[in-house]
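One letter stands for each residue in the lines below.
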Amino acid sequence: MQQYKVNKKGFYGEFGGAYIPEILYSNVENLKNNYLKILEDPQFQKEYRGLLRDYVGRPSPLYLAKRLSEKYGCKIYLKREDLNHTGAHKINNTIGQILLARRMGKTRIIAETGAGQHGVAAATVCALMNMPCVVYMGAVDVERQRLNVEKMQMLGAEVISVTGGNKTLKDATNEAIRDWCSHPSDTYYIIGSTVGPHPYPDMVARLQAVISEEIRWQLQEKEGRETPDCLLACVGGGSNAAGTIYHFLNEPSVHIVLAEAAGKGIHSGLSAATIHLGKLGIIHGSKTLLMQSEDGQIEEPYSISAGLDYPGIGPLHAHLAKTGRSEVLAITDDEALEAAFELTRLEGIIPAIESAHALGVLKKKTFQEEEIVVICLSGRGDKDMETYIKNKKQ
Ligand SMILES: *Cc1c(COP(=O)(O)O)cnc(C)c1O
């Protein structure tokens, strides 16, 4: 039963742990010793649930996509995380972490961001809670993601452009950790996915688990049973996927299929297919699969989707793939684009390009007519319009 949950030392099988600088040890220990107590405290739950309802707009609908179902010959439900405030699932996590930070007496928030989506979700809750927020972002990403930088600044966050290394997410992460090392007592680091040192992967999974909690009662209402036959989600760091599968992990009848970004193809040298290509290494304080060169240097990932182009993968997902609990498919840029255009025309929903990777799985599997498939639609496509305009068919 427990084999998919994190163990006391912070490991999922051989993956996970907390590989952190000495100076952060007591900080992370403190978090480790308190996060479960805080998350399970009725007062915390009351405030967290209240905000999820009235601020985020939960429960998010579970929508039976009729035309998509007809096309693929099964019953397809979309879990509509795209309808959340700020347009994706990330806010479920940042709301929870900022409430936790306050309860731990922290007065300053830091975060790192690649595409800017997590930065916006963090800056949003900092505005809500009136806490100062510093977001580290690679200089290349600051250029590429102007609109999100403007949003974060409008929300009151300070965005620090990181000019070291490749000037992308990995470098922003290093800078955020450096900041944390200099301010260990007053600063709380909001991590945006099921990555980082223990207890972050478990904490983020628990905060996103509201997704599968809702799927269970929504399916019961609509289908008279709580479990689907198949769950689909995309994986970058793995948080929307972790939330989608969390309450189904111990039910082997629920097939789990996850989509990682194959970019231009897994063997093209331009991909973010970490589970297919990664080797054991340490990134962001966690032992996991990691895209790296022969001599152990982290390789720059590539995907058309900024939210999936992370060189590592949450340790939970490395473990699920290794033990065979999840099936992981690599979906290319072109397959994701095709799926995005298809959903838009069939259902009138423009998905985030990340979520479109999960939709891309439909073409690669065959389903029986009575099978119930739930897809996590992790976000909306407004932010990806430039990508869609560039790639539309003439
Ligand atoms: C950030 C993001 C993702 C990827 O992050 P996970 O932690 O793997 O869920 C997926 N979809 C959307 C819409 C995102 O913004």
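Shown above is the structure to which this text applies.
These lines cover the structure that appears in this document, whether it is placed above or below.

About the cut-offs
- Residues numbered from 1 in each chain as written.
- Predicted model: local features only at pLDDT ≥ 70, side-chain atom pairs only at ≥ 80, totals over all residues.
- Heavy atoms only, no water.
- Helix = DSSP H or I, 4+ residues; strand = E, 2+ residues; numbered from the N terminus.
- Rg over C-alpha atoms; globule rule 2.2 N^0.38 Å.
- Buried < 20%, exposed > 50% of the residue type's maximum accessible area, 1.4 Å probe, protein only.
- Contact = heavy atoms within 4.5 Å.
- Lys, Arg positive; Asp, Glu negative; His and termini not counted.
- Charge placed at Lys NZ, Arg CZ, Asp CG, Glu CD.
- Near = heavy atom within 4 Å.
- Polar contact = N/O pair within 3.5 Å; in protein donor to acceptor, adjacent residues only side chain to side chain.
- Areas by Shrake-Rupley, 256 points an atom, 1.4 Å probe, with all protein chains shown as cover.
- Nonpolar A, V, L, I, M, F, W, Y, C, P; charged D, E, K, R; others polar.
- Pairing = 2+ DSSP bridges.
- Axes fitted to C-alpha atoms, helices over the stretch in contact; angles between N-to-C directions.
- Patch = residues over 30% accessible without salt bridge, like charges linked within 9 Å, V, L, I, M, F, W, Y side chains within 5 Å.
- Salt bridge = Lys/Arg side-chain N within 4 Å of Asp/Glu carboxyl O.
- Expected span 1.5 Å × (residues − 1).
- Core = buried A, V, L, I, M, F, W, Y, C linked by side-chain atoms within 4.5 Å.

## Examining the overall build of the protein chain
Phase 1 of the analysis: Within the protein chain, the secondary structure is distributed over 16 helices and 14 strands.
Phase 2 of the analysis: Against the 2.2 N^0.38 benchmark of 21 Å for 394 residues, the protein chain shows a C-alpha radius of gyration of 19 Å, consistent with a compact globule.
Phase 3 of the analysis: By its C-alpha atoms, the protein chain is 55 × 45 × 40 Å across when sized along the principal axes.
Phase 4 of the analysis: Burial analysis of the protein chain (394 residues in total) assigns 60% to the buried set.
Phase 5 of the analysis: For the protein chain, restricting intrachain contacts to residue pairs at least 6 apart in sequence, the fraction spanning at least 24 positions comes to 74%.
Phase 6 of the analysis: Considering the protein chain, the positive charge centre built from 44 side chains and the negative charge centre built from 47 side chains are found 2 Å apart.

## Side note on the site of the ligand
Phase 1 of the analysis: The ligand sits among 18 residues. The nearest are K90, S193, G238, S239 and S378.
Phase 2 of the analysis: At 2.8 Å, a side-chain N or O of N240 approaches an oxygen atom of the ligand.
Phase 3 of the analysis: Contact distances for the ligand include 2.7 Å between a nitrogen atom and a side-chain N or O atom of S378.
Phase 4 of the analysis: In isolation the ligand offers 380 Å² of accessible surface; the protein chains occlude 97% of this area.
Phase 5 of the analysis: Classifying every residue of the shell around the ligand by side-chain character gives five nonpolar, eleven polar and two charged.

## Observations concerning the sheet that holds strand β3 (residues 62–64)
Phase 1 of the analysis: Pairing in this open sheet of six strands is mixed, and the strands run β3-β4-β14-β9-β10-β13 from one edge to the other. With one partner strand each, in any of the chains shown, β3 and β13 (326–332) form the two edges of the open sheet. Between one strand and the next, the sheet's axes are offset by a mean angle of 25°, whatever the strand orientation.
Phase 2 of the analysis: Note that strand β10 (residues 255–263) and β13 share seven bridges and pair parallel. Bridged to L258 within β13 is V328.
Phase 3 of the analysis: Seen against the sheet, helix α10 (residues 210–223) touches β3, β4 (75–80) and β14 (372–377) and runs at an angle of roughly 140° to β4.

## Thoughts on the side chain of T124
Phase 1 of the analysis: For T124, the location among the structural elements is in helix α5 (residues 117–129).
Phase 2 of the analysis: T124 has contacts with Y55, H85, T86, I91 and L155, leaving out every residue within four places of it along the chain.

## Comments concerning a nonpolar patch on the surface
Phase 1 of the analysis: A surface patch of nonpolar side chains, about 250 Å² in accessible area, is lined by I350, M385 and I389.
Phase 2 of the analysis: Looking at the element boundaries, I350 is found in the loop between α14 (333–347) and α15 (353–359).

## Concerning the environment of N33
Phase 1 of the analysis: With respect to the secondary-structure elements, N33 resides in helix α1 (residues 25–40).
Phase 2 of the analysis: The class of N33 is partly exposed, set by a relative accessible area of 46%.
Phase 3 of the analysis: Each C-alpha atom, one on N33 and one on Y48, is 20 Å from the other, the two residues being 15 residues apart in sequence.

## Here's the deal with helix α4 (residues 90–103)
Phase 1 of the analysis: Here α4 spans 21 Å end to end across 14 residues, near enough to the 20 Å set by a 1.5 Å rise per residue.
Phase 2 of the analysis: A large share of α4 lies buried, amounting to twelve of its 14 residues.
Phase 3 of the analysis: Of all the positions in α4, only K90, I91, N92, N93, T94, I95, G96, Q97, I98, L99, L100 and A101 are classed as buried.
Phase 4 of the analysis: Phi turns positive one or two residues past the end of α4, at G105, with a value near 80°.

## Examining the environment of G314
Phase 1 of the analysis: Among the structural elements, G314 can be located in the loop between β12 (286–290) and α13 (315–322).
Phase 2 of the analysis: For the pair G314 and S286, spaced 28 residues apart in the sequence, the C-alpha separation amounts to 8.3 Å.
Phase 3 of the analysis: Setting aside residues no more than four positions away along its own chain, G314 makes contact with T194, V195, G237 and T288.

## Comments concerning the sheet that holds strand β6 (residues 133–138)
Phase 1 of the analysis: Read from one edge to the other, the open sheet built from four strands follows the order β7-β6-β5-β8, with strand pairing classed as parallel. The two strands at the open ends of the sheet, each matched to only one other strand, are β7 (158–162) and β8 (187–189). Ignoring strand direction, the axes of neighbouring strands in this sheet form an average angle of 25°.
Phase 2 of the analysis: Summarising the sheet, strand β5 (residues 108–113) and β6 pair through five bridges and their orientation is parallel.

## Focus: the nonpolar core
Phase 1 of the analysis: One finds L100, Y188 and M203 to be the most contacted residues of the largest nonpolar core, which totals 88 residues.
Phase 2 of the analysis: The residues touching M203, leaving out its near neighbours within four places in the chain, are L31, Y35, L39, Q97, L100 and Y188.
Phase 3 of the analysis: Among the nonpolar cores identified, the runner-up in size contains 35 residues, and A261, L308, L343 and Y388 belong to it.

## Looking at the environment of T366
Phase 1 of the analysis: By the element assignment, T366 lies in the loop between α15 and β14.
Phase 2 of the analysis: Remark: the alpha-carbon pair of T366 and L289, spanning 77 residues in sequence, is separated by 29 Å.

## Some details on α13
Phase 1 of the analysis: Along α13, six of the eight residues are buried, which leaves the element largely enclosed by surrounding structure.
Phase 2 of the analysis: Those residues of α13 that fall on the buried side of the exposure criterion are P315, L316, H317, A318, H319 and L320.
Phase 3 of the analysis: G324 occupies a position one or two residues after α13 and carries a positive phi of about 80°.

## Topic: the side chain of D309
Phase 1 of the analysis: Among the secondary structure elements, D309 is positioned in the loop between β12 and α13.
Phase 2 of the analysis: We note that D309 is buried and unpaired, the nearest opposite charge coming from R144 at a distance of 5.2 Å.
Phase 3 of the analysis: Sequence-distant contacts of D309, that is, excluding residues within four places in its chain, are made with A272, P301, Y302 and S303.

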